[in-house]
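As a plain string of letters, each chain reads:
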Amino acid sequence: IIIKSNVISTFKNILKSLAKNKKNLEKLIIKSGWIFFIDDYLSILSLKSLYSSLLKNYGIAKEKFSYLTTSTTPAITTLSIISSWGAFFMGALSEISHQYGTNPLYFYIHSLCFAFYPIISIFTSWYIVDNQISFGPIQKHENESTGDIIVEAENKQPKWSLSKIALDIILF
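Computed from a predicted model, the values in this text were never measured in an experiment.

Caption draft 1: Representation of the nonpolar core. Counting residues in hydrophobic clusters, the biggest one holds 16 residues, and the most contacted among them are Leu25, Ile29 and Tyr51. At five residues, the largest contribution of residues to this core is made by helix 3 (residues 40–58). Apart from residues no more than four positions distant in its own chain, Tyr51 is found in contact with Leu15, Leu25, Leu28, Ile29, Ser32 and Phe65.

Caption draft 2: Representation of the packing of helix 2 (residues 22–35) against helix 7 (residues 116–130) in the model. At a minimum axis separation of 9 Å, helix 2 and helix 7 run at an interaxial angle of 160 degrees. When the interaxial angle is binned, helix 2 and helix 7 end up roughly antiparallel. The crossing of helix 2 and helix 7 is left-handed. Here Lys23, Glu26, Lys27, Ile30, Lys31 and Trp34 of helix 2 lie close against helix 7, whose contacting residues are Ile122, Ser125, Trp126, Val129 and Asp130. Of the residues belonging to the contact of helix 2 with helix 7, the class tally is five nonpolar, one polar and five charged.

Caption draft 3: Quick peek at helix 3. A rise of 1.5 Å per residue sets the reference length of helix 3, with its 19 residues, at 27 Å; its end C-alpha atoms lie 25 Å apart and thus fit the reference within 8%. Here helix 3 has its buried residues at Asp40, Ser43, Ser46, Leu47, Ser49, Leu50, Tyr51, Leu54 and Leu55. One side-chain oxygen at the N-terminal end of helix 3 lies 3.3 Å from the backbone nitrogen of Leu42; it belongs to Asp39. The first or second residue beyond helix 3 is Gly59, which carries a positive phi of 75 degrees.

Caption draft 4: Spatial organisation of the pattern of salt bridges. Considering all chains together, one arrives at three salt bridges under this definition. A salt bridge links Lys64 to Glu26, with the shortest nitrogen-to-oxygen separation between them at 3.4 Å. Placement of Lys64 in helix 4 (residues 62–79) and of Glu26 in helix 2 is noted, with a sequence separation of 38 residues between them. Like Glu26, Lys64 is buried.

Caption draft 5: Quick peek at helix 5 (residues 84–99). Over its 16 residues, helix 5 runs 24 Å from end to end, which matches the ideal 22 Å to within 8%, given 1.5 Å per residue. Remark: the principal bend of helix 5, roughly 40 degrees, maps to Leu93. For helix 5, the elements touching its buried residues are helix 4 and helix 6 (104–111). Positive phi appears at Gly101, one or two residues downstream of helix 5, with a value of about 75 degrees.

Caption draft 6: Representation of the packing of aromatic side chains within the structure. Per the stated rule, a full pass over the model turns up eight aromatic pairs. Taken together, a centroid distance of 6.0 Å and an interplanar angle of 45 degrees make the contact between Tyr51 and Phe65 tilted. Here Tyr51 is found in helix 3, whereas its partner Phe65 is found in helix 4, with 14 residues between them in sequence. Judged by its relative accessible area of 0%, Tyr51 falls in the buried class. Under the relative-accessibility criterion, Phe65 is labelled buried at 6%. A centroid spacing of 6.1 Å and a plane angle of 25 degrees characterise the contact between Phe89 and Tyr108, whose relative ring orientation is stacked. Of the two residues, Phe89 sits in helix 5 while Tyr108 sits in helix 6, which places them 19 residues apart along the sequence. Residue classification places Phe89 among the partly exposed positions, given a relative accessible area of 28%. What makes Tyr108 buried here is its relative accessible area of 2%. Three or more aromatic residues joined by ring pairs form one cluster here, namely Trp85, Phe88, Phe89 and Tyr108.

Caption draft 7: Seen up close, the side chain of Glu26. Overall, the relative accessible area of 0% leaves Glu26 in the buried class. Not counting the four nearest positions on each side in its chain, Glu26 is found in contact with Ile60, Lys64, Leu68, Val129, Gln132 and Glu142.

Reading guide: rules and limits
- Residues numbered from 1 in each chain as written.
- Predicted model: local features only at pLDDT ≥ 70, side-chain atom pairs only at ≥ 80, totals over all residues.
- Heavy atoms only, no water.
- Core = buried A, V, L, I, M, F, W, Y, C linked by side-chain atoms within 4.5 Å.
- Buried < 20%, exposed > 50% of the residue type's maximum accessible area, 1.4 Å probe, protein only.
- Helix = DSSP H or I, 4+ residues; strand = E, 2+ residues; numbered from the N terminus.
- Contact = heavy atoms within 4.5 Å.
- Axes fitted to C-alpha atoms, helices over the stretch in contact; angles between N-to-C directions.
- Parallel < 35°, antiparallel > 145°, perpendicular 65-115°, else oblique.
- Left-handed = near helix turned anticlockwise from the far one by under 90°.
- Nonpolar A, V, L, I, M, F, W, Y, C, P; charged D, E, K, R; others polar.
- Expected span 1.5 Å × (residues − 1).
- Polar contact = N/O pair within 3.5 Å; in protein donor to acceptor, adjacent residues only side chain to side chain.
- Salt bridge = Lys/Arg side-chain N within 4 Å of Asp/Glu carboxyl O.
- Bend = angle between axes of the 7 residues up to and from the residue.
- Phe/Tyr/Trp six-rings, centres within 6.5 Å; stacked < 30°, edge-to-face > 60°.

Dropping the structure here:
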C-alpha cells in the first residue's frame, strides 16, 4: 500500500529537492526517523521504501542506510511517549506506579534519564553523519557504491594490540 500510493513519490520529490549532497541526504534520513516514530518496524519499512531509489544516486551504501535507520528510529520510538514502546513501558510500569500512588507517565518520564542506549545511539549516528565517518564494512560498501573500490592485500593481517582489544571490549 505504501509503495503503490502517490504519497511515496510525493515525498521522494520533496527529498530530491532538499538533498543537495550525500551528507544532506544522510541527515534527512535521520530526521525522517524522528518524524516517523510511531512504531519502529513500520518506520524502518517506510523509510526503506522512501529512500531506496535515492541511495545509489548519492553514493550511500545500503548498509549505512540500515545503520542510520536502525540506530535512530527505534531509539526515538523508545523515548517517545506516543509510540508503541511508550505504551508498552507505561503498561509495564502501571502496577508499580499504583503501589506508590502515582501514574505510570510519572515513572516513564523520570526513567528516561536512564535510557542511555537510545540517547547515545541518536548522538552517535548524528556525529557519524555530521563528520562523514565511515569505517569497516560500511566504508567498504560505500566505496563500492561510489565506484571507489579499495583493493586489499591478500595476506594482510590486521594489527592487533592488547590496548586495542581492551578498548574494543570497553566500548562494545
